[in-house]
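One letter stands for each residue in the lines below.
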Amino acid sequence: MSGKKRKLMKVYPIEENCISCRYCEVACTMVHSESQDPVKAYKLEGLKPRPTVEVKGAVSLSVMCRHCKHPFCFDACISGAITVDKNGKVNLDEDKCVGCWNCVLVCPFGAAHPFVERKHSFKCDLCEERGFPACVEACPNRALIYDFER
Amino acid sequence: MRYVIVGNSAAAVGCITGIRKVDKENEIVVISYEDRCYSKPMIADVLVDFPEEKLLYRDEKFFEENGVTQILGHKAISINPESKVVVLDSGELVPYDKLLISTGAVPFVPPIEGSDKKGVFTFTELGSAKAFKEYIKENNVKEVIIIGSGFIGLEVAYFLREIGINVTVVELLDRVLGKALDKRGSEIVEKMLRDKGVNFIFNNTVERIEGDEKVTSVTLKSGDVLRADAVVVAIGVRPNVELAKTAGVEVNRGIVTDDHMATNVPDIYAAGDCIECLDITDGQRKPLPLFPLAFEQGFVAGLNMAGKKMEYLGGLPLNSLKFLEKPVLNAGIVEPPDDSYEVILNDQFEKKGYYRKAIIKDNRLVGFVAIGEIDRVGILTNLIRQRIDVSGIKDRLVSLDFGLVDLPQEWRKEKLVEDKTAYKDWRAV
Ligand SMILES: Cc1cc2nc3c(=O)[nH]c(=O)nc-3n(C[C@H](O)[C@H](O)[C@H](O)COP(=O)(O)OP(=O)(O)OC[C@H]3O[C@@H](n4cnc5c(N)ncnc54)[C@H](O)[C@@H]3O)c2cc1C
Ligand code: SF4
Ligand code: SF4
């Protein structure tokens, strides 16, 4: 076992299993909302999901921050809002972010999203506060798995 | 082993990060004549009374945790590569085993008559931004002339309007951001700024700055005279190579480095705005004074300084206009230089508030512009970086739901399943 690397757990999309039901998007938006209500989260709080379900023909998958081993978003962040913790988890501090959109411009997965009206970016935080990613829990098809970094 | 870094900004922080990936122990010393590690792209915010602590890029904790000693408020005036020391203006000698020069860029000020008068400013350091802000307050400045419509000039213009000052931008070319953006993009940016109350004068320049001691007006090349309580020269920057020259480091348009960010002088590396960088879109070496590139070059330099051989792949020019209501992003080539390039447009700006453009050569994406709707454009940036074949998806490149499903399945497998996201995995193929 290469004991050194396998510290970070993150979410892996399994495109063979995805049926583009978007439950992951709904669950994500809800758990990151004030109201903890899926409808209010979208309609009143104007929140947006951190994963994006992409669909093309028969293929679909849910894409969220990959917590890259070399995060371009971290290189590009001008405010110091993006940090990498000792396990390799990539954090984005929305309060510190100044909305320069550099992370949006360089993220190869399109996983750092702009919240233009509020002048800050946002992305998957692996539901750190909650302890387990809500998208993984919500997926009815095991198209998202929570696993150690490969 | 002792690492010394001259400069305390993007490239320096990148270098510290790189060194610490490999070497957790040895001493790192950072030297800067400025008093803190702030973010340059954020200095325009001081004009609108932005809390100054927010300008910090890395705080004391960062330096402590990384075991970095800072020597602040002192300028490095020369390097002696034989005895391997950096000489400070205080007379202090700082010995090094590996040295990084990351002295950034200095503003370019063309010889304009009267540019030594009070009230003429450049805008590339926190000190100069604050001095300008003071001058505005103390002299009750109402009219400002900005020379140059590059990113810095436009940003200053925007923020001056925020605090109610009249602004006129004088530009030699016929449009804003002439070197950085395509024509349509310029038009959109100009409109947004005009709506904000910024005036523009194109195909013209300031020939003379008038006034006894202080600026009172400017005379344009066309002969027109404009009132000016202050002038900001924002024509561009050039690599700050003064210190490097004292060490006998080779300098062309900027400091010359090899693929490992090393200069021609043993144990001296360089990164950031002070170097000339390989532009991956055209294979030319040139100054590319951009924050993300400075960081990445510093990072690669740090790895190499600490003994991990890693090549720098070259930089992709990219920009984000961060102050307007609608974001404006671009990367790579934005205006095709000849008709061997293909252009794909999705211009919905009037109707829906967005504009997308993709530039393709030999079935490879080489540049794009995204205005208004910018979510997930990083996927395009990566297509350029990795030179992925786009022949089957050309029209998709400018649509808002373009995504990873449009990329080869092999790519998704490699990045998403096998987790190949280390620096070496992002190489261009
Ligand atoms: C107003 C403004 C807005 C910008 N906006 C953007 C943007 O939106 N996006 C973007 O990508 N880029 C932007 N840039 C460019 C970006 O700031 C630079 O590319 C980046 O800061 C370069 O980092 P660097 O480490 O190479 O050098 P710099 O940030 O220039 O820092 C140089 C460092 O060296 C120190 N130094 C220099 N000489 C000596 C010496 N002899 N002795 C001791 N210390 C010395 C300085 O004090 C400083 O700490 C902007 C720049 C400005 C001025
Ligand atoms: S936001 Fe993008 S670049 Fe940053 S860690 Fe996540 S996937 Fe990687
Ligand atoms: S938008 Fe925010 S998080 Fe993203 S790079 Fe800019 S400051 Fe950093």
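Values in this document were obtained by computation on a predicted structure and should not be read as measured data.

Novice: Lay out the site of ligand 2 in plain terms, naming residues and giving numbers.
Specialist: Residues in contact with ligand 2 amount to 13 residues; listed here are only the nearest, Cys 65, Arg 66, Cys 68, Cys 73 and Cys 107 of chain A. Across the shell around ligand 2, the residue classes tally to ten nonpolar, one polar and two charged.

Novice: Any chance you could break down the site of ligand 1 for me, citing the residues and the numbers?
Specialist: Residues and elements named next belong to chain B. Close to ligand 1 lie 33 residues; Ser 9, Ala 11, Glu 34, Ala 76 and Asp 273 are nearest. Here Ser 32 contributes a side-chain N or O atom positioned 3.0 Å from an oxygen atom of ligand 1. In the model, a nitrogen atom of ligand 1 is placed 3.5 Å from a nitrogen or oxygen of the Asn 240 side chain. Mapped by element, the contributors of at least two residues to the shell around ligand 1 are helix H1 (10-22), strand E2 (27-32), helix H4 (151-162) and helix H7 (291-305). Top contributing element to the shell around ligand 1 by residue count: H7, with three residues. Across the shell around ligand 1, the residue classes tally to 16 nonpolar, eleven polar and six charged. Two domains share the shell around ligand 1, each providing at least three of its residues, namely domain 1 (2-106 + 238-305) and domain 2 (120-235).

Novice: Describe the interface of chain B and chain A, and please don't skip the residues or the numbers.
Specialist: Contact residues are listed per partner, giving 51 residues for chain B and 45 residues for chain A. Taken together, both faces of the contact between chain B and chain A bury some 3900 Å²; the carbon and sulfur share is 61%. On the chain B side of the contact with chain A, Val 405, Leu 416 and Asp 419 of chain B bury the most area, a combined 17% of that side's loss. For the interface between chain B and chain A, the tally reads four salt bridges. Residues Asp 419 of chain B and Lys 10 of chain A are paired through a salt bridge, measuring 3.1 Å at the closest nitrogen-oxygen approach. Here chain B is connected to chain A by 19 residue pairs in polar contact (both at pLDDT 80 or more). Taken together, the elements giving at least two residues each to the side of chain B that touches chain A come down to H1, H7, strand E21 (318-321), strand E22 (328-332), helix H9 (378-386) and helix H10 (409-417) of chain B.

Novice: Give me the sheet that holds strand E9 (residues 120-121) of chain B: which residues, what numbers.
Specialist: Residues and elements named next belong to chain B. The five strands are arranged E9-E16-E10-E11-E12 in an open sheet whose pairing can be described as parallel. On the outer flanks of this sheet lie E9 and strand E12 (199-201), each paired with one strand and no other. With two bridges joining them, E9 and strand E16 (residues 230-233) adopt parallel strand pairing. What sits directly across from Val 120, in E16, is Val 231.

Novice: Requested: an account of the sheet that holds E22 of chain B, with residues and values cited.
Specialist: All names here are of chain B. Read across the open sheet, the five strands follow the order E21-E22-E25-E24-E23; overall the sheet is antiparallel. Edge strands, defined here as strands with exactly one partner in the open sheet, are E21 and strand E23 (341-348). The sheet shows a mean angle of 10° between the axes of neighbouring strands, taken without regard to direction. Relative to strand E24 (residues 354-361), E23 is paired through eight bridges, and the arrangement is antiparallel.

Novice: Please provide a residue-by-residue account of the nonpolar core, values included.
Specialist: Within soluble globular proteins, side chains that are nonpolar generally end up buried alongside one another. Phe 109 of chain A together with Val 86, Ile 101, Phe 132, Leu 160, Val 189 and Leu 397 of chain B are the most contacted members of the largest nonpolar core, which totals 177 residues. Ranked by the residues each element gives to this core, the list is headed by H7 of chain B, at nine residues. Not counting residues up to four positions away in its chain, the partners in contact with Val 189 of chain B are Leu 154, Val 176, Leu 177, Leu 181, Leu 321, Leu 324 and Val 328 of chain B. If you look at the next biggest cluster of nonpolar residues, it comprises 13 residues, including Ile 112, Val 170, Ala 228 and Val 233 of chain B.

Novice: Talk me through the UniProt feature "domain: FAD/NAD(P)-binding" (unreviewed entry) in chain B; I want residue IDs and the actual numbers.
Specialist: UniProt records the feature "domain: FAD/NAD(P)-binding" (unreviewed entry) for residues 2-285 of chain B in the present numbering. Strand forms 26% of residues 2-285 of chain B and helix 22%; the C-alpha atoms that close the span are 30 Å apart.

Novice: Report on the domain arrangement of chain B, specifying residues and quantitative values.
Specialist: All names here are of chain B. When cut into domains, chain B gives domain 1 (2-106 + 238-305), domain 2 (120-235) and domain 3 (326-424). Counting from both sides, the interface comprises eleven residues of domain 2 and, opposite them, twelve residues of domain 3. If you sort the residues of domain 2 by the area they bury against domain 3, Asp 182, Arg 184 and Ile 188 come out on top, with a joint share of 51%. A salt bridge links Glu 350 to Arg 184; its shortest N-O distance comes to 3.1 Å. Scanning the region where domain 2 abuts domain 3 turns up six residue pairs in polar contact (both at pLDDT 80 or more). For the side of domain 2 that touches domain 3, the residue count by class is six nonpolar, one polar and four charged.

Cut-offs applied
- Residues numbered from 1 in each chain as written.
- Chains lettered and ligands numbered in written order.
- Predicted model: local features only at pLDDT ≥ 70, side-chain atom pairs only at ≥ 80, totals over all residues.
- Heavy atoms only, no water.
- Near = heavy atom within 4 Å.
- Nonpolar A, V, L, I, M, F, W, Y, C, P; charged D, E, K, R; others polar.
- Polar contact = N/O pair within 3.5 Å; in protein donor to acceptor, adjacent residues only side chain to side chain.
- Helix = DSSP H or I, 4+ residues; strand = E, 2+ residues; numbered from the N terminus.
- Domains from an automatic or database assignment.
- Contact = heavy atoms within 4.5 Å.
- Buried area = accessible area lost by both parts, 1.4 Å probe.
- Salt bridge = Lys/Arg side-chain N within 4 Å of Asp/Glu carboxyl O.
- Pairing = 2+ DSSP bridges.
- Axes fitted to C-alpha atoms, helices over the stretch in contact; angles between N-to-C directions.
- Core = buried A, V, L, I, M, F, W, Y, C linked by side-chain atoms within 4.5 Å.
- Buried < 20%, exposed > 50% of the residue type's maximum accessible area, 1.4 Å probe, protein only.
- UniProt positions renumbered as here; feature names shortened; annotations may be inferred.

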